[in-house]
Amino acid sequence: MKSKKVLISGASIAGPALAFWLSRYGFEVTIVERAPGIRPGGYAVDFRGAAMEVLDWMGLIPAIRGHETRSGKISIVDKNNKLMARMPDGFTSGELEIMRGDLANVLYDATRSDVTYIFDDTITAICQTDAGVDVTFSRTPNKRFDLVFGADGLHSKVRSLAFGDEANYIRHLGLYLAIFTTPNFMNLGMNALYYGTLGKRIGLFGAADGREARASFYFRSDPFTYDYRDIDAQKQLIRDNFAHDEWEAPRLLEFMESAPDFYFDSISQIKMPQWYNGRVALIGDAAHCASPMAGMGTSMAVIGAYILAGELKQAKGDHTAAFASYESQMRDFVTKCQGLAEGVDWFIPKTNFKQWLALQIWKILPYTPMKNMMIEMPKKIANSIKIKDY
């Protein structure tokens, strides 16, 4: 293969998954990550369908099962913790569920001996030539690679450098989300609680076998400008939006101050006409973020990594043909996955009537065929992509 020296930006899920396969196919792989190490925390992610097949081929299912979690009951409560509605155990858990931070560590452990990791650094410039891609870093000396991959999430630096402004591709779904680790002070085990007011929702989920919990704060808003690297300013946004909320909001806001893994972002999707440009290609959320509302981002990342690496192996250095085939195989699957986020108006209603109606639906949902439909739809989509054996 002619194109063997590759750079991946992003060490969360898509990047290490791609590195896993490329290193086994003989590529010399470097991953650059802005954070000083593997990022901790995050919510539970799950796998279904074809993604399970890929994990099996990677030999990672035993390691993932070692960190497996399974969401319990999801209850909707009022400000006095009175039960309003309840979903059954495992309603959102898929076939295999793990906390995002644990999965990132599993992938890191599976690749660290074969892949060069550069932490606490970022790409600042990309210059494509006939001979390769000249990359400028913030801290590391400039280097030339044969191929560069952006696996650096919703706000991908590689995408902005190689494809243009993020505003051309982002589709805001009208919500913002903060999530962070807290003590499991309500003794939830692995169960979850939701409390909502008009345009807002607060959640508390058991994590780490009930030893800790994850708090989530959602609020509706039109798009606004903020510094997505300024955590103090982001925390202030949550305080401003939830300062007068009841239930457990005051206590959770206190825990937020010392949370080791605070995360805040818009709930948005990325929609692009093409995921590659010359010697640069995008994968995972950088290419096609479906948003947390879809619940399929991790599966798309793992499947996409497998296909992209496999096509590069088969193309024997013809990266253009490999990139085109990768995108062709993934497009329809991605469109279906992104469609799963269309229920955002029912998750956090913006009118009093829709809020009342949504609660009635949640109350009857466990007793209607709609419950099975909501469980089966993601499973059906997860099995809708047929993957080759490379």
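Further up the page is the structure itself.
Quantities reported herein were computed from a predicted structural model and do not represent experimental measurements.

**Remarks on the packing of helix α6 (residues 231–242) against helix α7 (residues 249–258)**
Working step 1: The contact between α6 and α7 brings their axes to 11 Å, and the two run at 170°. It follows that α6 is roughly antiparallel to α7 by the angle criterion. Where α6 abuts α7, its residues Lys-235, Ile-238, Arg-239 and Phe-242 lie against Ala-249, Leu-253, Met-256 and Glu-257.
Working step 2: In terms of residue class, the contact of α6 with α7 is built from five nonpolar, no polar and three charged.

**Quick word on the packing of helix α2 (residues 50–58) against helix α9 (residues 297–315)**
Working step 1: Axis separation between α2 and α9 bottoms out at 9 Å; the angle between their running directions is 55°. When the interaxial angle is binned, α2 and α9 end up oblique. Between α2 and α9 the crossing geometry is left-handed. On α9, the residues touching Ala-50, Ala-51, Val-54, Leu-55, Trp-57 and Met-58 of α2 are Ser-299, Val-302, Ile-303 and Tyr-306.
Working step 2: A per-class count over the contact of α2 with α9 returns nine nonpolar, one polar and no charged.

**Things to note about unusual backbone geometry**
Working step 1: Positive phi, normally seen in glycine, also occurs at Asn-81, with a value near 70°.
Working step 2: Within the secondary structure layout, Asn-81 lies in the loop between β4 (74–77) and β5 (83–87).
Working step 3: Judged by its relative accessible area of 32%, Asn-81 is partly exposed.
Working step 4: The residue Asp-120 is not glycine, and still its phi comes out positive at about 60°.
Working step 5: Checked against the element boundaries, Asp-120 lands in the loop between β7 (116–119) and β8 (123–129).

What counts as what
Numbers given to residues run from 1 along each chain, matching the order in which its sequence is written. Local features are withheld for residues below a pLDDT of 70 in this predicted model, meaning they are given only at 70 or higher, and side-chain atom pairs are given and counted only at 80 or more; totals for whole chains, interfaces and linings count all residues. Excluding hydrogens and water, the side-chain figures rest on all heavy atoms present in the structure. Note on geometry: axes are C-alpha line fits, over the in-contact stretch for helices, and angles between N-to-C directions span 0 to 180 degrees. Secondary structure elements follow DSSP: runs of H or I of four or more residues count as helices, runs of E of two or more count as strands, with numbering from the N terminus. Small angles under 35 degrees read as roughly parallel and large ones over 145 as roughly antiparallel, with 65 to 115 read as roughly perpendicular and the rest as oblique. It only takes one pair of heavy atoms within 4.5 Å for two residues to be counted as in contact. Residue classes follow a fixed rule: Ala, Val, Leu, Ile, Met, Phe, Trp, Tyr, Cys and Pro count as nonpolar, while Asp, Glu, Lys and Arg count as charged, and any other residue, Gly among them, counts as polar. A crossing counts as left-handed when the near helix is turned anticlockwise from the far one by less than a right angle, and as right-handed when that turn is clockwise. For each residue, the accessible area found with a 1.4 Å probe, counting protein chains only, is set against the maximum for its type, and the residue is called buried under 20%, exposed over 50%, and partly exposed in between.

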